Structure formats: structure tokens, C-alpha cells
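A structural walkthrough
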Amino acid sequence: MRAMDVQTIIKVTGAQSVSLKEKNFAGIGTDTRVDLKGQLFIALKGEAFDAHKFLDKAVQQGAAALLVHEENEQTNKLKGQVTILKVPDTLKALQRLGTYARREAKATVIGITGSNGKTTTKEFSAALIGTVKDVHYNKGSFNNHWGVPFTLLQLPPTKDVAIVEMGMNHAGEITELVKIAEPDVVVCTMVGRAHMEFFGSIEKVAEAKEEIYEAASTNTLRVYNLDNAQTHNMFVKASEKYPKEKLITFSSEDPRADVHFVISSMSMTELTIKGKIKGKEGAARVQVFGAQNLTNLMAAASVALAAGLTPEQIWNGLPQCKTNWGRNQLVHLKSGAQMIFDAYNANPDSMKALIDNMKLLSVPGKKVGVFGQMRELGNESAALHEELGTWVGSAGFDKVYFIGDDFSAFKNGLSKSGFSKPASVEKDFQESSGKDLAELLREGDIAVVKASRGTKLERFVYPCEPLDFGEK
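Residues numbered from 1 in each chain as written. Predicted model: local features only at pLDDT ≥ 70, side-chain atom pairs only at ≥ 80, totals over all residues. Heavy atoms only, no water.

**Focus: the packing of aromatic side chains**
Basically, it comes down to this: Only centres within 6.5 Å qualify two rings of Phe, Tyr or Trp (six-membered ring in Trp) as a pair; their planes then separate them into stacked at under 30 degrees, edge-to-face at over 60, and tilted for everything else. The criterion is that NZ of a Lys, or CZ of an Arg, lies within 6 Å of the ring centre and within 35 degrees of the ring normal, and then a charge sits over that ring.
Across all of its chains, the model carries ten aromatic pairs by this definition. Feature note: the residues Tyr 213, Tyr 224 and Phe 235 constitute an aromatic cluster, connected by ring pairs. Between the NZ or CZ atom of Arg 222 and the centre of the ring of Tyr 242, over which it lies, the distance is 4.0 Å.

Pasting the structure below:
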């Protein structure tokens, strides 16, 4: 985390000094469970917690200063022991510090959002651009009103490119993140039926996602997906407002796009793609699974163009793109079976894409589907889980598992599809189900595992004894 001095913090945040002892800080922290030696501790307040209650713990962990928006018994006790600075709102102060760090760095800043694919596109973009330039990016899905300023505060001044993921579940949030990050390049990977609980319609989701373009400066390079109806509409509007050189497009359907890829072949372990980048023909073999990754690869290639890479450099760098834990992750099991673990995120569109991939996949053994609750679907949740059941029931699975609150709706969908193979459909995870899956899978079999992250479908994976899996 970037080192800062007290004068800079006061200047950027408008803080008032309550107690002044240390004047230089090794970085910024917000978590009292980790080492805070020499750092400025920012006391953030969320819906379920308030760090102002743990100021003494922060000092015990080595914090040299505290940034607060209220004084209490702990601040009174700690006066004279550490520097204490007071601001009207610690979250706004964190965000202003993030913007300050962004302006101090020389990096080209890239902002990425989308209903599906934003994290994978970020990872692909970092790997691709990283073959030529020095890249900084946030790990995991550190993409909200806290995560974005932290990503910027961790940005070394010497980096060439910074890639910032921007998530949202309410209108106005992307606008706020764009104002914090001030990106030079922006892209919305696609608009789908994520976060329906908060928006009610895909049109409202599109309006919220379009904020990444609307809130950006006129000099920002804008990247558009022409294959998605909502983002295509955004491009049409943008083409009337901005010069052509400020717009970059990608498409698998329109060969006139700046980046045009199609899939030559697909297997469990890789995609082979071909096409054109700014008219430069090429092909690449990429170690990822699933046709939906074509969109993510095109988005990453477009972002790389915006970051200054040549078409030749992009074609050469595409094989470096790989998926991470929980995102179309290929897992090898001791039994010899294979598993696609894609349970970091889920919504109806990403579920449909994965099921369509499974229909196309030819395997020597059984196909097994393990699915779980899709969250944030609001009043449409039951209907969408019934729809999921019909998709799953017609995808050729030899056995199906499902856990989640909408298990009854999923079961109805399975029944409507005419699915007659074994199925285990429950509200809650049962250890016996995980053991049953482990006993079922043999060499030549393939299992696909997908749900929203909160469903914790990795509980199905561990009994199967994965050879290399990662997080627990």
C-alpha cells in the first residue's frame, strides 16, 4: 500500500488533527486482524460493523495513526499515543485518497464492468497486456466503493497500466466508481440478467451499466461489445457523440469490428480461435473452457489495443490468458474424472452459457450436473430457477444435484423437461450428497459445478478428492 505523510492526507481529505504524533505512514489499512505496523488505520463503517469500535485493537496491531469520523472513549484514551485525524466521512476520505494515488501514478487506467465476464476479462487483460507492459490490477472481485480506492492505493507510481474492475447492484454506483478511478479506457463486457432483485428489468440493468461510458470523460477510449443487444445500443448512441478514433468495437458476428474472433475448435482444456485484430489475421490456442470465454477474449484484446499493444503483440499474448479459481476452472480428480468448477458467480445468462457448452461436449463417460441457488434475482427468482431446471433437464446429464432455497422450482423445471435420470434436489447441502458424487464419478466422467458464490458448492468438490483445487 502506498506510503503517505500526514500533510498529504490532511490536504486530500480535509482532515482535522485531533492528536499529532507520527507524521509518515507506511501505508493504509482497514482490517484489525492483520499487521498494521506503521500504517494509517481508516475506521470504516458499514451496514453490519463499525471500525470505530476497534480503534484500540488497531493500535495494538501497530497502527501509527487513526482516521475517524467520530470521537469516542477510545479516541480520548488514545490521544497522545498515536496520530488521530478526523474527517466528516471516512469512506469518502478513502475514496479521495484513492483518486489522489491514481493521479500521482503514470499508469493508463482501464475500467471494466459487465453482468458477466468482468472479472475474467480483467484477468485476461492483465495477462495479455502484461506480456508487453507492467500491469497492476486488483485480485479477486475487489470491485466496489471500498475495493476500487484500495486498488488505486496499491498502484505503484511506476506501473504502465492499471486495470480496475467495477461492480454494482444499484443505480449510480458505477458513476461513483468512475469518478474515483478516472479511467482512460472503459468497457462493459455485456448486459444480462444479473442483479434483477435490485433493478427489476434488463433495461434498468443496462442503464446502470452504461454509467461506465456516460460518467467517463470525453477523452476516454470506449470499448463496445457489438454482439450484445444492450451494449450494441450503447455503441450506437456513442457513435453519434464521439469521434470514431475514440471508439473500439469487438464482435464474433460482425467482421467489420476492430476485434473479430470466432471459435475454430473447443475441448475441455482449450479454445482455438481465429480472426482479425485491426485487420491483422491470426489464430491462437487458449487454455480456457467454454464458448462464453470468446467474449472475454475479444474484450481483453480490445482493451489491449486501447492500452497501446499492436495486433501482432496481442495475437502473440493471447495464449497467456487463463481462468482462475471458481471461474470455469478445470479440476482433475483422483478417480480420473474431470470437473468444471464455476461456482464463483452465477445468473441465468451464465448458467445458460455453461449448460449450452455441456450439450456440445462429447465425453466417454457420464455427464453430471451440480447446481445451486442463483442469488439477487428478486421476485423472478422462483420462475428463473424453474427455467434453469428445464435447461438442465434437457442437457443430457446422467445425474443432477441441486441445493438452494428455490429447490422446489428447480424440481418443477426438471419435471417439465421430462428428465428421468437420478436427481438429488434439496434446500440445504447434505454431506451424503458430496460423498454420493465422489462415489459416482469415475475415469472418463465429467461433472460441472455452478452456483452463486454464497451457495458454497465447493462443499461438493472436496469429497471428490481434487488433485489441484486451491481455496478452501
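**A few points about the nonpolar core**
To keep things clear, this is the line we draw: What is meant by a nonpolar core is a set of buried Ala, Val, Leu, Ile, Met, Phe, Trp, Tyr and Cys residues, joined one to another through side-chain atoms within 4.5 Å. Per-residue accessibility, obtained with a 1.4 Å probe over protein chains only, is compared with the maximum for each type, and a residue is labelled buried under 20%, exposed over 50%, and partly exposed between these values. Under the DSSP-based scheme used, a helix requires at least four consecutive residues in state H or I and a strand at least two consecutive residues in state E, with every element numbered from the N terminus. Between two residues, a contact is recorded if the distance between any of their heavy atoms is within 4.5 Å.
One finds Ile 110, Ile 129, Phe 261, Leu 297, Ile 314 and Leu 318 to be the most contacted residues of the largest nonpolar core, which totals 71 residues. The leading source of residues in this core is helix H12 (residues 293-306), at ten residues. Beyond its immediate stretch of four places on either side in the chain, Leu 297 contacts Phe 124, Phe 261, Leu 271, Ile 273, Val 286, Leu 318 and Cys 321.

**Some words on the sheet that holds strand E12 (residues 221-225)**
Cut-off, in case you're wondering: At least two bridges found by DSSP between two strands are what make those strands a pair. Each axis is a line fitted through C-alpha atoms, taken for helices only over the stretch in contact, and angles between the N-to-C directions span 0 to 180 degrees.
Strands sit in the order E9-E10-E8-E11-E12-E13-E14-E15-E16 across an open sheet of nine strands; the sheet is mixed. Looking at strand neighbours, the two that pair on one side only are strand E9 (135-137) and strand E16 (280-286), the edges of this open sheet. Pairs of neighbouring strands in the sheet enclose a mean axial angle of 20°, with direction left out of account. As defined by bridge partners, strand E8 (residues 108-113) adjoins strand E10 (residues 161-165) across five bridges and the pair is classed as parallel. Following the sheet pairing, Ile 110 is matched in E10 by Ile 163.

**Here's the deal with the layout of surface pockets**
So the rule is basically this: Cavities and pockets were defined on a 1 Å grid built over protein atoms only: a cavity is a set of grid points that admits a 1.4 Å probe from which the probe cannot escape, a pocket is an open set flanked by protein on both sides within 12 Å along at least five of seven lines, and lining residues are those with an atom within 4 Å of any such point. Grid points are joined across faces, edges and corners, and a volume is the space filled by probe spheres set on the points. Amino acids are sorted into nonpolar (Ala, Val, Leu, Ile, Met, Phe, Trp, Tyr, Cys and Pro), charged (Asp, Glu, Lys and Arg) and polar (every other residue, Gly among them).
In this model, the second largest pocket occupies a volume close to 320 Å³. Lining of the second largest pocket is provided by 13 residues; of these, Phe 235, Lys 244, Thr 249, Arg 256 and Asp 258 occupy positions nearest its centre. Counting residues per element, the ones that place at least two in the lining of the second largest pocket are helix H11 (229-239) and strand E13 (247-251). The biggest single contributor to the lining of the second largest pocket is E13, with three residues. Of the residues contributing to the lining of the second largest pocket, the split by class is five nonpolar, two polar and six charged.

**Digging into the environment of Gln 338**
Where we set the bar: Contacts described as polar in this section are N or O atom pairs within 3.5 Å, which, within protein, must combine one atom able to donate a hydrogen with one able to accept it, while residues neighboring in sequence count only if both atoms come from side chains.
Tracing the backbone shows Gln 338 in strand E18 (residues 338-342). Sequence spacing of Gln 338 and Ala 447 is 109 residues, and the spatial spacing of their C-alpha atoms is 6.5 Å. Here Gln 338 is in contact with Met 268, Leu 330, Val 331, His 332, Asp 445, Ile 446 and Ala 447, once residues within four sequence places are set aside. In terms of polar contacts, Gln 338 uses its side chain to reach the side chain of His 332, at 3.4 Å.

**A few points about the pairing of E12**
Across the five residues that make up E12, a large majority, five, are buried. Of the two faces of E12, the one holding Leu 221, Val 223 and Asn 225 and the one holding Arg 222 and Tyr 224 are both buried throughout. Taken together, the four bridges between E12 and E13 define a ladder with parallel strand orientation. Along E13, the bridge assignment pairs Asn 225 with Phe 250.

**Overview of the sheet that holds strand E20 (residues 399-403)**
Read across the sheet, six strands follow the order E17-E18-E22-E19-E20-E21 without closing on themselves; strand pairing throughout is mixed. Two strands close off the open sheet at either side, each with one partner strand: strand E17 (329-332) and strand E21 (423-426). Direction aside, neighbouring strands of the sheet carry axes that sit 15° apart on average. Helix H16 (residues 407-417) rests against E20 and E21 of the sheet, and its axis sits at about 150° to E21.

**Describing empty space enclosed by the protein**
Throughout the structure, instances matching the rule amount to one cavity of 30 Å³ or more. Roughly 50 Å³ of volume is contained in the largest cavity. In terms of lining, the largest cavity is formed by Glu 210, Tyr 213, Glu 214, Arg 222, Tyr 224, Met 234, Lys 237, Ala 238, Lys 241 and Tyr 242. Put simply, the parts of the chain that give the lining of the largest cavity at least two residues each are helix H10 (211-214), E12 and H11. For the lining of the largest cavity, the element with the most residues is H11, which contributes three residues.

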